[in-house]
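Tertiary structure, described
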Amino acid sequence: MIRSKLLKVKKWVDLNEAAMRLSIALDEPVNALDLMELALDDELVLSVKLPFDKKYVAKKMWRKYIPMGEKLRKSFQFESFFSGGRENKEDEDYIKKENEYLMSKYIDFLEINANSELSEEQKTFDFYCNSIKSAEWEYGEVDYLEGSIYELSMLGSEHIDVMWLIRQNKEMEMDELTNLDGVILRDSDGEFYNLQEKFDEDYINSRKDKEDESFFHQSKALKRFRLNPRHYFPAGGLPAGCELGMSPANMSKFEAKLSDSDSNTHISESQLLVVMGAVLNEITTSGAKKWTQGDLAARIGDKKILNLGERVVNGIFSCANKTIKSMG
């Protein structure tokens, strides 16, 4: 495991330091690019350090679970509006089209789950509309972020930023992508924040006559300290000057995750005894030669011992090294 007195008090290390420390702990080379690719695969959690010379604004966000029928009715209303439909929701024609929309989604649900073990009740239209829940984001007020270090949730446009860094590192082109949810950060308590950008002043000034009346009529003292939500929108990407890294806690979790998978590899007592015997034989009969782990593994592999190829021997050595390090 990663053991360092300094890491016990540090909240963040940059990607290069994280890669270096993990390389030592895992006894194999790891670089910053590896960590970014693993983050895209949800194997580990990256963090971002925002520049200290600027205050950042965000909306706290949380998941709200609503019945599938309610969500689909909202979706139909949205699609109907942008397709030119202007019917009143109380009109018979609108209600008919809405019901057809819900029924088509319900049929899709049944087809997708045709081979699953749903009960007869779970296959009903009423259950689909009222008992199956769908998650959507709810947002709080616009406010200043208190900290400067946050985890990347990989639920918003920060996922695209990491993809772009990887492609840039490999000198590869990347199509322009957008995530309308913007950047979604997560603090150490698991709370989500939607990073915000401010519209330019010309745009804000052009809309002063259309400001929200409730905000307009507030006292000057209150308006000074409260941010106007109409002046902000979800940030399209991570801010310039920020740095990517990892928290020591997430580094340890990742290492423990790999160690757990290693522990599932069965090494028999006979294999250990044969390896020890082969090592002793080599180092006691080869004069003053200085052996490396790779040399020993290759030499034992050359002996063609059953179930002890070079790769297996290296794996045993690696487990032994990790065990020794964990004891120190």
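A quick note: this is a predicted structure, and the numbers were derived from the prediction, not measured. (Residues numbered from 1 in each chain as written. Predicted model: local features only at pLDDT ≥ 70, side-chain atom pairs only at ≥ 80, totals over all residues. Heavy atoms only, no water.)

Next up on the list: the overall build of the protein chain. Of regular secondary structure, the protein chain possesses 13 helices and nine strands. Considering the protein chain as a whole, with its 328 residues, one finds that 34% of them fall into the buried category. Across the protein chain, contacts joining residues at least 24 apart in sequence account for 71% of those joining residues at least 6 apart. A total accessible area of about 21500 Å² is found for the protein chain, and carbon and sulfur atoms account for 52% of it. (Helix = DSSP H or I, 4+ residues; strand = E, 2+ residues; numbered from the N terminus. Buried < 20%, exposed > 50% of the residue type's maximum accessible area, 1.4 Å probe, protein only. Contact = heavy atoms within 4.5 Å. Areas by Shrake-Rupley, 256 points an atom, 1.4 Å probe, with all protein chains shown as cover.)

Moving on, we come to unusual backbone geometry. Even without being glycine, aspartate 42 reaches a positive phi, approximately 60°. Along the chain, aspartate 42 turns up in the loop between helix 2 (32-40) and strand 2 (47-49). Taking the relative accessible area as the measure of exposure, aspartate 42 reaches 61% and is therefore exposed.

With that settled, the discussion passes to the pattern of salt bridges. Oppositely charged side chains can pair when the atoms bearing their charge come close. According to the stated counting rule, one finds 12 salt bridges in the structure shown. Taking the shortest distance from any N to any O, the salt bridge between lysine 74 and glutamate 136 comes out at 3.5 Å. Of this pair, lysine 74 sits in helix 3 (residues 68-82) while glutamate 136 is found in strand 4 (residues 133-144), placing the two residues 62 residues apart along the sequence. For glutamate 136, a relative accessible area of 23% translates into the label partly exposed. The residue lysine 97 makes a salt bridge to aspartate 93 at a minimum N-O spacing of 3.4 Å. (Salt bridge = Lys/Arg side-chain N within 4 Å of Asp/Glu carboxyl O.)

With that out of the way, let us pick up the layout of surface pockets. In this structure, the largest pocket occupies an estimated 560 Å³ of space. Around the largest pocket, the lining comprises 26 residues; the ones closest to its centre are Ile149, Tyr150, Arg186, Asp187 and Ser188. Split by residue class, the lining of the largest pocket holds nine nonpolar, six polar and 11 charged. (1 Å grid on protein atoms, 1.4 Å probe; cavity = no way out; pocket = protein on both sides within 12 Å on 5 of 7 lines; lining within 4 Å. Points joined across faces, edges and corners; volume = space filled by probe spheres on them. Nonpolar A, V, L, I, M, F, W, Y, C, P; charged D, E, K, R; others polar.)

All right, on to the pairing of strand 5 (residues 149-152) then. Pairing analysis gives three bridges linking strand 2 to strand 5, with the strands arranged antiparallel. Within strand 5, the position partnered with serine 47 by the bridge is glutamate 151. For strand 5 and strand 6 (residues 184-186), the ladder comprises two bridges, and the chain directions are antiparallel. Looking at the pairing, glutamate 151 lines up with arginine 186 of strand 6. (Pairing = 2+ DSSP bridges.)

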